[in-house]
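# Observations on the model geometry
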Amino acid sequence: MLRRKQFWFAIMAILPTFAIFGWVRLFPIIETLRLSMHEWNLLSKNKPFVGFQNFIELFGDNQFMDALTNTAVIAFGAMAVTIPMSMVLAAIIYHRTRSRFSGFYETAVFIPHVVSLVPAAMAWKWIFDAKLGPLNAIIMGLGGDALPWLFDPVLSVICIIFLVSWQTLGYGVLIYLVGFRNLPKSVFEAAQLDGANGFQSFLYMSVPLLKPITLYVSVVTLISGFNVYAQAYVLASDTQGAPGRQVRVLVLDMLENSFQNFRVGYAAAEAVILLSIVLLLTMIQFGLLRGKGGR
Amino acid sequence: MSATDRARRTNFLLDVTLFVICILLLTPLILLIANGFKTPQEMLVWPPTLFPKDPTLENFHKVFTETPLLRWMLNSFLFAILSTVAIVATSALAGYIIGKFPFRTINIIFILFLATAIIPFEVYMIPLYFQVKALGLLNSVGGLLVGYLVMSFGIFLIRQNVIASIPDELLEAARIDGAGELWIFWYVVLPLLRGPLAALAVLAFFQAWTAFAWPIIVMTRKKSFTIEVGLANFQSAYTVDLSLLSAASAAVMVPSVLAFVLLRRNFVEGIAASGMKE
Amino acid sequence: MATVEIKELHKSFGDVEILHGISFTIPDGAFVALVGPSGCGKSTILRLIAGLEEITSGEIHIGDNIINDVEPKNRNIAMVFQNYALYPHLTVAQNMGFSLKLLKKSKAEIERAVQHTAEILGVNKLLHRLPKQLSGGQRQRVAMGRAIVRKPQVFLFDEPLSNLDAKLRVQMRAELKALHRRLATTTVYVTHDQIEAMTMADIVVVMRDGNVEQVGRPLELYDKPVNQFVAGFIGSPAMGFLPATTKVGSSEMVLSDGQVLSKPTCAALDGGYIIGLRPEHIQLGGNGASFKATIEASEQTGSETLLLARLADQEITILLRERFDTPIGDVHTFVIDPTAVQVFDSKTGARLET
């Protein structure tokens, strides 16, 4: 009797949340999947079924491939910079935990992450500015040539990678700090007695023991890297001032296709590709994690 | 050199290194704030100056009186607060139910929540946009809210906490004493969840405050922009006046940073928890 | 030469002093046990010798060198931790070979050394396993192997057997002792179990609250404890203590219930004292000082009887090497050899020679 009462309470209580969830999550996700196989130009009532044609067309679409490449480079680039830097920074901050500055370090490192995307991008936009920014000023002061940071196709991607890494660093350091705090202290004492200095302890003990965390941070930064939008929007305006066109990223391409080219089905197909990438990365993470624990 | 001296020297070097790195990390933001105080002419000087020679409050004054910045901040704030309330409420209740009422139906619902948790918002925001449009909620805070009413991670976080720190016996005892389920939720469960709910609130607020892709498609009228969107479009409307732009960005940035410094512990707790969900 | 000399060692953590001037010497090749109740500072001394903690004042010498400021890795010592502290992500072979790898020895050399040590400890079939795939006893052996492979001049053991079950503990005790005999390396062994200390060590250091109470051979500590604490700590079941008085010239110790224990050698003493009776010295019959005690509890192990008895309003333990079935509440007469009765100063606890 009591159980039945509880069951109905549970169902009733979770219904509002589930209803909202169904409306704002489940339904749109299914819609995206459905739309990707249709053609719709926003205006007509007609949404003809086209099967996989959208996908086939995407892979021949230069703008899309451009966006895909850029996004992948940014995502992997940011990850490649963030992981080692945050691990080393966390190691040093952890070593100095007892210092009275440790609070300052943790706060300072994390502030870039806390500052919202657009102001941060604005800050860097000025720094990278070819004519007015301090970066070129310093380079020229050292005797080099000024570079068109935000307008060169390769350099602008590097700038975005830099910005994304700068923002993600704090997050990585935080997670790694938690990891360091959970490492068994006696293992490090044993290593110390075996003759390891600080650097060797880090290389042979910390790095391998932190593998699960490295895996997690990698996947998280990769996934958020593939979803990059705001940073590109702000930093990478093309020569006419149109935002984000200098470096096309997936999300930008997708929104353009949907709202400017009036090809919603096509955009949905892009979304599905983005989804597949994210799912793939997540599955790889699970697989790698299980592989270590299973033995 | 004795062992203590050696350790002290290493620590000093490490401290210096960390200090330099931290200052370098913060430099872009410091420069941004400094730029806000420069006159527009000084911004065009080459080579650029680090700190304003003739600091002026003119930019900040202009930003708050002549641009819609204040209105944008209000929009963002309203949106963030409402989103936080919605997310905390739904996560608390749903997390509690999923954690303490393991019926098969509930478990299926949980798996659905979990499965969609990793799907980024950008993937399904276009159909959601059309929903919002159909409801006539474009350019309103309500429309913004539609995308930010629930947070899968929030539900998961509460569920973990409920399982870990609320013993079944406590609920049983309350039931035997004749308490109704809602009463139990309100007076027994919620007080015990104060910590994680605070962390979740901070996380939810931060998520709404810094949202970009969704607000930019839902809000097309300048008056309804959120701060992020407004600032991003600022550059096209006020391109020449870099100092104004910097002032605007600084004005947006400083509250977030202050809030972070004050609420650091809650923030860190929330983010660390998201790292342990695996 | 690997003697270890501790001189006036003080250690404080912040404002709290843990060690109050410890001094003792460990001869080369000796097996020394540091024993004492929890919190007495024995593990701290070990960690100071290892270099894992900083010395507040005093000196530690290994051989002819002061090692106060020498880094742990340069002290040529190896330590076996209480929880083994094996590297969880490395195989047994890699665990044991780690120190040699850091010394940049060739792969062949490392393999040879690891194989050799593994055979001594009987873990050569486990070389490819990870620590989490090993049993407690196996992990213990690998921890020892890791220490041995470095051929250190001093071994440090921090309660290595306390995580093992009773049977395994007894077996490992014998193995450790045999290993020590074989390797002849100076060993410092910390334990809270006095039986381990007594059975394994050449020299035992008894500690209490940051001070050394007594240093000596195991049997010395048993026969001639320097004070009441050591007398009560060494020996199991523990010695029983009773207040007693005597007058100068009298050959009797009078208990608080009026009973009299004859002890001819106490004639020089006068006043109130504490006498100590070891449970195993008390017998049912024979010559000696006799007394009556009431049985409160009795435990039979098959070959021995452990009695809890009340004598002069104190509880004492009696260990009889025979079966003795007796109902609770009965009063019996017991006998003890007067020379086995120990006398302690009632204020200082020091043992008096009688």
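Rules used in this analysis
Residues numbered from 1 in each chain as written. Chains lettered and ligands numbered in written order. Predicted model: local features only at pLDDT ≥ 70, side-chain atom pairs only at ≥ 80, totals over all residues. Helix = DSSP H or I, 4+ residues; strand = E, 2+ residues; numbered from the N terminus. Buried ≥ 20, exposed ≤ 12 C-beta atoms within 10 Å, placed from the backbone. Contact = placed C-beta atoms within 7 Å. Nonpolar A, V, L, I, M, F, W, Y, C, P; charged D, E, K, R; others polar. Domains from an automatic or database assignment. Axes fitted to C-alpha atoms, helices over the stretch in contact; angles between N-to-C directions. Parallel < 35°, antiparallel > 145°, perpendicular 65-115°, else oblique. Left-handed = near helix turned anticlockwise from the far one by under 90°. Pairing = 2+ DSSP bridges.

## Side note on the environment of F156(B)
All names here are of chain B. Tracing the backbone through its elements, the reader meets F156 in helix α8 (residues 152–165). With 22 C-beta atoms packed within 10 Å, F156 lands in the buried category. When the C-alpha positions of F156 and G99 are compared, they lie 9.0 Å apart, and in sequence the two are 57 residues distant.

## Quick look at the interface of chain B and chain A
Residue-level contacts link 70 residues of chain B with 72 residues of chain A. The element best represented in the side of chain B that touches chain A is helix α1 (residues 3–36) of chain B, accounting for 14 residues. Across the side of chain B that touches chain A, the residue classes tally to 50 nonpolar, 14 polar and six charged.

## Observations regarding the domain arrangement of chain B
What the domain assignment lists for chain B is domain 1 (3–60) and domain 2 (68–237). For domain 1 of chain B versus domain 2 of chain B, the separation of C-alpha centres amounts to 37 Å.

## Quick notes on the packing of helix α3 (residues 62–95) of chain A against helix α7 (residues 153–181) of chain A
All names here are of chain A. In contact at an axis separation of 6 Å, α3 and α7 are set at 40° when each is read in the N-to-C sense. Considering their axes alone, α3 and α7 lie oblique with respect to each other. For the pair α3 and α7, the crossing hand works out as right-handed. Its residues assigned to classes, the contact of α3 with α7 shows 21 nonpolar, seven polar and no charged.

## Remarks on the domain arrangement of chain C
Residues and elements named next belong to chain C. Assigned domains of chain C: these are domain 1 (4–233) and domain 2 (240–352). Computed from C-alpha atoms alone, the centre-to-centre distance between domain 1 and domain 2 is 38 Å. Of the residues lining the interface, seven residues belong to domain 1; the matching set on domain 2 comes to eight residues. Per-class residue counts for the side of domain 1 that touches domain 2 are four nonpolar, three polar and no charged.

## Let's talk about the sheet that holds strand β17 (residues 305–311) of chain C
All names here are of chain C. Read from one edge to the other, the open sheet built from five strands follows the order β15-β19-β16-β17-β18, with strand pairing classed as antiparallel. Every other strand in the sheet has two partners, leaving β15 (282–283) and β18 (314–320) as the edge strands with one partner each. As judged from the six bridges shared by strand β16 (residues 289–300) and strand β19 (residues 331–336), these two strands associate in the antiparallel manner. Bridge pairing links S290 to V335 in β19.

## Things to note about the environment of V24(A)
Structurally, the position occupied by V24(A) is in helix α1 (residues 2–35). By C-beta crowding, V24(A) is classed as buried, having 22 other C-beta atoms within 10 Å. Once the C-alpha coordinates of V24(A) and I138(A) are considered, the two residues, 114 residues apart in sequence, prove to be 49 Å apart. For V24(A), the contacting residues outside a window of four places in its chain are L128(B), V146(B), G147(B), L149(B) and V150(B).

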